[in-house]
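Structure assessment
The chain contents come next:
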Amino acid sequence: MFIATLIAPGALVAGHISEGRDRLNAAGCASAGGGWIDEGAAIDLAFAISPDAARAALEGAFAGVDVVVQAAEGRRKRLIVADMDSTMITVECIDELADYAGIKPQIAAVTEAAMRGELDFESALDARVALLAGLDEAVIQRCLDERVTIMPGAEALVKTMRGWGATAVLVSGGFTRFAEPVAAKIGFHRAIANRLEIADGMLSGAVTKPIVGAQTKLDTLRGAIAELGLPAEATLAVGDGANDLAMIGAAGLGVAYHAKPIVAAAAAARIDHNDLTALLYAQGVPRAEWVTA
């Protein structure tokens, strides 16, 4: 059995249930019922066969509605591995550091190209960090305080999953000086990220090798699966950039979150319209069960 979850808080009505079931039947998916997770916010539609056909039938059918299709069994995941920049926080930290150095436009353009998969991530990171050489180390904390905002829904997602015993790992192509406090605030068990090298109170223009990139993210997911003795189906990975593709593809539920086109096209699930609480609805969790403090 499979579940298609429609997510659009404040926009869904009962008619979406009947229309969704009709679309599943027309696609040959053998609809098996439907109902609310939270009235007006999220709907579950059960069906028997052809999840790819279900996705094709439902994605884009309802304006402003995110659709997640997956096996019904094991929806509540036991491991979440998440990207940080533009996923668990609203900014790209390297771009914000560059703004303090007066070079944000040129660095942000490289960041965007790397996240779209148009540049090799590791060499692009080296090139961008080199441009920050000589920036006062104190700017890192200032940037954290002034620019870094937690993505809406991030804390509810991670803390709710931890409430049922899930493990949460933040793995970022960004920097430890941001990832560690962000992980602590949101509720992750641990954070993995790149380390900026500092000399005489200034950024040296280098990061410690090896660089945390796509392979590290995939290795982190696989390592946690082995450490915890989980099947891959019990895992969730979420990110927005090309360096997240490998871990998204290897997870039981791989989610492209407000992602670059290359990621959105490849991921089995994508969230384009809603915040990170959509991933609680995707796991069948009503608002009454969310941990928000």
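Everything below is about the structure shown above.
Residues numbered from 1 in each chain as written. Predicted model: local features only at pLDDT ≥ 70, side-chain atom pairs only at ≥ 80, totals over all residues. Heavy atoms only, no water.

**Quick word on the sheet that holds strand S4 (residues 66–71)**
Pairing in this open sheet of 4 strands is antiparallel, and the strands run S2-S3-S1-S4 from one edge to the other. In this open sheet, the two edge strands, each paired with only one partner strand, are strand S2 (31–38) and S4. For this sheet, the mean angle separating the axes of adjacent strands, direction not counted, is 20°. Looking at chain direction, strand S1 (residues 2–7) and S4 are connected through 6 bridges and run antiparallel. By the bridge assignment, Ala-4 is partnered in S4 with Val-69. The strands touched by helix H1 (residues 14–26) within the sheet are S1, S2 and strand S3 (42–47), with S2 carrying the most contacts at an inclination of about 150°. Sitting on the sheet, helix H2 (residues 51–58) is in contact with S1, S3 and S4, with an inclination near 170° to S4. (Pairing = 2+ DSSP bridges. Helix = DSSP H or I, 4+ residues; strand = E, 2+ residues; numbered from the N terminus. Axes fitted to C-alpha atoms, helices over the stretch in contact; angles between N-to-C directions. Contact = heavy atoms within 4.5 Å.)

**Re the nonpolar core**
Among the nonpolar cores identified, the biggest contains 69 residues, and Met-88, Leu-97, Leu-170, Phe-175, Phe-178, Phe-188 and Val-238 are the most heavily contacted of them. Each residue touching Val-238, except ones within four places of it in the same chain, is listed here: Ile-80, Val-81, Ala-82, Asp-83, Thr-87, Met-88, Met-247, Val-255, Tyr-257 and Leu-279. Counting 16 residues, the second largest nonpolar core, distinct from the first, contains Ala-4, Leu-6, Ile-43 and Phe-47. (Core = buried A, V, L, I, M, F, W, Y, C linked by side-chain atoms within 4.5 Å. Buried < 20%, exposed > 50% of the residue type's maximum accessible area, 1.4 Å probe, protein only.)

**A short note on the state of the cysteines**
Within the structure shown, the criterion is met by 0 disulfides. Sulfur of Cys-93: no disulfide; nearest cysteine sulfur belongs to Cys-143 and is 5.8 Å away. According to the relative accessible area criterion, Cys-93 is buried, its value standing at 1%. (Disulfide = S-S within 2.5 Å.)

**Brief notes about the sheet that holds strand S6 (residues 167–175)**
Overall, parallel pairing links the 6 strands, which are arranged S7-S6-S5-S10-S11-S12 in an open sheet. At either margin of the open sheet sits one strand with a lone partner, and together these are strand S7 (190–194) and strand S12 (269–271). Direction aside, the axes of adjacent strands within the sheet are offset by 20° on average. Strand direction decides the pairing type here: strand S5 (residues 79–82) and strand S10 (residues 235–239), joined by 4 bridges, are parallel. Pairing of Ala-82 across the sheet is with Val-238, part of S10.

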